[in-house]
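Inside the fold
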Amino acid sequence: MDSEIALLKKALERQKKARFQAERILEEKSKELYDVTRHLRETNGRLENLLNDKTSELEGVFANIIDPYVVMDLKFNVINMNISAKEFLGYDNSKEVINLTQLVHKDFAQYTAESMKSLLEVGLLKNYRAKIIIKDGSEKWVQINSSLIYNKEGKPIGAQGIVRDVTNEMEVKELLSEQRKQLDIIINNSPLGIMLTKNGKILKANRTMANLLGHNIEDLTSLTIKDITVPEYYEESEQLMQKMNNGKLNKFSLVKKYLKKDGSKVNIKVSVSAVNNDHGKTEYHVAMVEDITKQLQAEERLRSEREKYSRIIANMNLGLIEADLNGNILLVNQSFCNMSGYQEHELIGKKATDFLRLKDKNIVKEKLALKEKGKLNSFEIEVFDKTGAKKHWLLSGAPIYDIHNKVSGSIGIHLDITNQKKLELQKEHLVKELENSNKGLQEYAHIVSHDLKSPLRSISALATWMQEDYKDVLDEGGQHNLQLMQEKIASMDKLIHGILEYSTANSSELDSKKVDLNEVVAEVGETIYIPNNVTLSIPEKLPVLQADRTKLRQLFQNIIGNAVVHIEKEKGLVEVLCKETTTHYIFNIKDNGVGIPKEYHKKIFEIFQSIGNKERSTGIGLSIVKKIVDRYGGEVWVDSIVGEGTEFQFTLNKEICSFK
């Protein structure tokens, strides 16, 4: 009983103190209000006189006002302003006429008009905020508190206002607003569901979370974690939440199932983090939720695939052996039994070298040693099976690692290539026959070329003699016909020369030497005819290759020659560029010529195919280009836009044309 009385006394004492404090505060505020009212009344009286007299005494009224202070008439013309206002706005009413509406930013014109109307009607304007443009052209945010000034008859004759620069404050607010928007964008577009919870109740959730459970966000925030959790998973998560609330955990993750709005279940992985206050006590929980339904399905498919591939391995055509570190066979598949002629029980527990008779017993050890150094992927061996028949096998081996990443054995894959070896021998025989045939064709091409050129030279000589001997007899038409005959003979000579080059492009022996492509392109530029309006350029240095100089010169000459004759612009340009990949050189020869229609992009690399002026082309040059590129393991193609230009691109295999 005594303790209750003591508590009541203390409560009464606190109540008295609180009442005394409230009365004191009320008294202070009442005095402040009285002082402000008196001050405004006095100021209003002074301003009325000042507005009527417009004397310099106004400066004295402003002496004690630190913030910018402005007095205006009812047409918003400035009557006077203190020093702070002049410094802030950059204007001086004693030197220029200032109308305050001209300072308002256009975006706030309507708002300002409504505010001024309210000022005239009510007599007071509080916390007007707008953007203005001061004299130096910069934009400022201001907050203005204003009131009307009345004469002795109680009629409004002007207005006074205190201006506060709130630019920094508004910039901070805009920055915070922008950051808040960005954060909302990140959260709402996150691929993970996000929830903010307190005491098990969902306070906020993003769109992904709502979509995951089939709810809209408003419905979701009226639920609890228990409402969306499949019952058998709730106890575990609740225990972890209790540990977090007790300060034993800061975060945890677990796999569970949530209930969707339609009653179906979804597999999720949830990561929960505690949000603590300044005293270290957990106030909120943030949950990151990931739908792992597809992941679990993928794992199930993977398990099924493993079983399937285990069955495939057991029955595949490749022979498989698994052995321990001592070489003892642990597992063989049926294909290996078929290849070797042995049964499974004859192989398990034995070493492969005990029953496989190798033609070269040391080859396996040597090849495996090279494989371990990364210098070999697979290798061939000759073995004799159980019946004594010689077989050719392709063997590839790899180590097997245990869970501690230590080698615990090896696995060997064997492919019986006996039939393929027989085919290779037949192929070698056919290649030799083909080489002999090609050699005969080359000889034939040279003979035909010589036999065709001899009568051409004779016809050319006869035409020349006729033109010289009968120049006084032949009329202009006859002379023109003889000239046409000479041109056709020249075209035929070029065609025969082109056919000869085409026949040897991929059959003659390559004379591989060090070739500086910068020199090759320069020689081509000096050899072929390049019109005065065309420039041949090498923007960046070209590589030095190990190749046949003559073939590469043919390659570049045919492409560059094709480019320069198809440029009709006043300033023509042909550029030769090169870049590298790990396996190839990629060359690009660009021009700003007439371009090639798309339907010809593949056709031009076929023999006797050309476009444009038939007299300028035999239709063989680009087909020779393709043959040379093929010999160097590359590809050639063209990109072109009619009227803009053409890019011939081709690749050369580094393995073939780089220095060994």
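Heads up: the structure comes first, above all this text.
Residues numbered from 1 in each chain as written. Predicted model: local features only at pLDDT ≥ 70, side-chain atom pairs only at ≥ 80, totals over all residues. Heavy atoms only, no water.

**Here's the deal with the overall build of the chain**
Condition: Segments assigned H or I by DSSP are reported as helices when at least four residues long, segments assigned E as strands when at least two residues long, and all are numbered from the N terminus. Burial classification: accessible surface area is computed with a 1.4 Å probe over protein chains only, and a residue below 20% of its type maximum counts as buried, one above 50% as exposed, and the rest as partly exposed. Only heavy atoms matter for contacts: two residues are in contact if any of them lie within 4.5 Å across the pair. All accessible-area figures derive from a Shrake-Rupley calculation using a 1.4 Å probe, and residue coverage is judged against the displayed protein chains alone.
Each helix and strand in the chain was counted, giving 20 helices and 23 strands. Looking at the chain residue by residue over its 660 residues, the buried ones come to 33%. Here the contacts in the chain between residues at least 6 apart in sequence split such that 51% fall between residues at least 24 apart. Split by element, the accessible area of the chain, about 42,500 Å² in all, is 53% carbon and sulfur.

**With respect to unusual backbone geometry**
In the Ramachandran plot, N127 falls in the positive-phi region, its phi being about 50 degrees despite a non-glycine side chain. Checked against the element boundaries, N127 lands in strand β3 (residues 124–133). Overall, N127 belongs to the partly exposed group, its relative accessible area being 47%. Although it is not a glycine, N405 sits at a positive phi angle of roughly 65 degrees. Here N405 shows up in the loop between β15 (390–401) and β16 (407–416). For N405, a relative accessible area of 60% corresponds to the exposed category.

**A short note on the environment of F384**
Along the chain, the position of F384 falls in strand β14 (residues 379–384). Considered as a pair, F384 and R357 are 27 residues apart in the sequence and their alpha carbons are 5.4 Å apart.

**Focus on the sheet that holds strand β2 (residues 78–81)**
Keep this limit in mind: Should DSSP find at least two bridges between two strands, the strands are regarded as paired. A fitted line through C-alpha atoms represents every axis, and for helices the fit uses only the stretch in contact; the resulting angles, taken between N-to-C directions, go from 0 to 180 degrees.
With respect to topology, five strands assemble into an open sheet ordered β2-β1-β5-β4-β3, the strand pairing being antiparallel. Since the sheet does not close on itself, it has two edges, and those belong to β2 and β3, each with one partner. Sheet twist, expressed as the mean angle between neighbouring strand axes with direction ignored, is 30 degrees. Summarising the sheet, strand β4 (residues 139–150) and strand β5 (residues 156–165) pair through nine bridges and their orientation is antiparallel. Looking at β5, one finds that I149 is bridged to G158. Contacting β1 (69–72), β3, β4 and β5, helix α4 (residues 109–122) runs over the sheet at an angle of about 155 degrees to β3.

**Quick notes on the pairing of strand β22 (residues 636–641)**
Side chains V636, V638 and S640 of β22 all project onto a buried face; the interleaved residues W637, D639 and I641 project onto a face where none is buried. Strand direction decides the pairing type here: β22 and strand β23 (residues 645–653), joined by six bridges, are antiparallel. Among the inter-strand pairings, I641 is bridged to a residue of β23, identified as G645. Counted between consecutive antiparallel strands, the loop separating β22 from β23 contains three residues, among which G643 sits at a positive phi close to 90 degrees.

**With respect to the sheet that holds β23**
Spatial strand order, β18-β20-β21-β23-β22: five strands in an open sheet with mixed pairing. Every other strand in the sheet has two partners, leaving β18 (534–537) and β22 as the edge strands with one partner each. Direction aside, the axes of adjacent strands within the sheet are offset by 15 degrees on average. Bridging between strand β21 (residues 584–591) and β23 involves eight bridges; their strand directions are antiparallel. Directly across from Y585, in β23, lies its bridge partner L652. Along the sheet, helix α18 (residues 549–564) contacts β18, β20 (572–580), β21 and β23; its crossing angle with β23, the most-contacted strand, is approximately 170 degrees.

**Quick notes on the packing of aromatic side chains**
Our working rule: Aromatic contacts are taken between Phe, Tyr and Trp rings whose centres are within 6.5 Å, Trp giving its six-membered ring; a plane angle under 30 degrees counts as stacked, one over 60 as edge-to-face, and the others as tilted. Put simply, a charge is over a ring when the Lys NZ or the Arg CZ is close to the ring centre, within 6 Å, and near the line of the ring normal, within 35 degrees.
For the structure on display, the rule yields seven aromatic pairs. Both rings, one in F587 and one in F650, keep their centres 5.1 Å apart while their planes meet at 20 degrees; by these two values the pair is stacked. Here the residue F587 occupies a position in strand β21, and F650 occupies one in strand β23, the gap between them amounting to 63 residues. A relative accessible area of 0% means that F587 is categorised as buried. An aromatic cluster is built from F556, Y585, F587 and F650, whose rings are joined through pairwise contacts. Across from the ring centre of Y585, 5.3 Å away, lies the NZ or CZ of K654, which sits over that ring.

**Focus on helix α9 (residues 231–245)**
Here is the rule: Multiplying one less than the number of residues by 1.5 Å gives the expected span of a helix. The directions from the helix axis to the C-beta atoms form the arc being described.
Taking 1.5 Å per residue as the helical rise, α9 with its 15 residues ought to reach 21 Å, and the 21 Å between its terminal C-alpha atoms agrees with that figure. For α9, the set of buried residues is S237, L240, M241 and M244. The buried side chains of α9 occupy one side of the element, clustering within an arc of 105 degrees when seen end-on. Projecting away from the buried face of α9 at angles above 90 degrees are the exposed residues P231, E232 and E235. For α9, the secondary structure elements touched by its buried residues are β8 (251–259), β9 (265–276) and β10 (282–291).

**So, the packing of helix α17 (residues 517–527) against α18**
Quick note on the threshold: An angle counts as roughly parallel when it lies under 35 degrees, as roughly antiparallel when it exceeds 145, as roughly perpendicular when it falls between 65 and 115, and as oblique in every other case. Two helices crossing with the near one rotated counterclockwise from the far one by less than a right angle form a left-handed crossing, whereas a clockwise rotation gives a right-handed crossing. Each residue receives one of three labels: charged for Asp, Glu, Lys and Arg, nonpolar for Ala, Val, Leu, Ile, Met, Phe, Trp, Tyr, Cys and Pro, and polar for the others, Gly being one of them.
Where α17 meets α18, the axes come as close as 9 Å, and the angle between the chain directions of the two elements is 55 degrees. Classified by the angle between their axes, α17 and α18 sit oblique to one another. The hand of the α17/α18 crossing is right-handed. Listed contacts from α18 to L517, E519, V520, V521, E523, V524 and T527 of α17 are R549, L552, R553, F556, Q557 and I560. Each residue belonging to the contact of α17 with α18 can be placed in one class, and the counts come to seven nonpolar, two polar and four charged.

**Considerations on the pattern of salt bridges**
The following threshold applies: The salt bridge criterion pairs a side-chain nitrogen of Lys or Arg with a carboxyl oxygen of Asp or Glu, the two atoms within 4 Å.
Here the structure, examined in full by the defined rule, presents 16 salt bridges. The shortest N-O distance in the salt bridge between K131 and E139 comes to 3.6 Å. Among the residues examined, K131 registers a relative accessible area of 18% and is labelled buried. With a relative accessible area of 42%, E139 lands in the partly exposed category. E300 is the partner of R303 in a salt bridge, and the nearest nitrogen-oxygen pair spans 2.3 Å. You can see R303 and its partner E300 sitting in helix α10 (residues 293–315), three residues apart, about one turn around the helix. By relative accessible area, R303 is classed as partly exposed at 40%. It is possible to trace a salt-bridge network through shared partners that takes in R129, R164, E169 and K173.

**Description of a nonpolar patch on the surface**
The following threshold applies: Patches here are clusters of residues that have more than 30% relative accessible area and form no salt bridge, with a 9 Å joining cutoff for like charges and a 5 Å cutoff for nonpolar side chains (Val, Leu, Ile, Met, Phe, Trp, Tyr).
A cluster of nonpolar residues, L325, Y401 and V407, forms a patch on the protein surface that exposes about 320 Å² of accessible area. Looking at the element boundaries, L325 is found in the loop between β11 (319–324) and β12 (329–332).

**Some remarks on the nonpolar core**
Put simply, the test is: Buried Ala, Val, Leu, Ile, Met, Phe, Trp, Tyr and Cys residues that are joined via side-chain atoms within 4.5 Å together make up what is termed a nonpolar core.
In this structure, L517, F556, I560 and F650 are the most contacted members of the largest nonpolar core, which totals 39 residues. No other element matches the seven residues that α18 contributes to this core.

**Quick notes on the state of the cysteines**
Each disulfide consists of a covalent bond between the sulfur atoms of two cysteine residues. Our working rule: In this description, the term disulfide denotes a pair of cysteine sulfurs within 2.5 Å.
Across all of its chains, the model carries zero disulfides by this definition. C578 provides the cysteine sulfur closest to C657, a residue in no disulfide bond, and the two sulfurs are 9.4 Å apart.

**Some points on the side chain of D548**
For the record, the criterion: For the purpose of counting charges, residues Lys and Arg are taken to be positive, whereas Asp and Glu are taken to be negative. His and the chain ends are not included. Definition of a polar contact: a pair of N or O atoms within 3.5 Å, with one able to donate and the other able to accept a hydrogen when the atoms are protein atoms, and with sequence-neighbouring residues admitted only if both atoms are side-chain atoms.
Relative to the helices and strands, D548 resides in strand β19 (residues 544–548). K551 provides the closest opposite charge to the buried, unpaired D548, separated from it by 6.0 Å. A polar contact of 3.0 Å, which involves the side chain of D548, links it to the backbone nitrogen of T550. Only 3.2 Å separates the side chain of D548 from the backbone nitrogen of K551, close enough to count as a polar contact.

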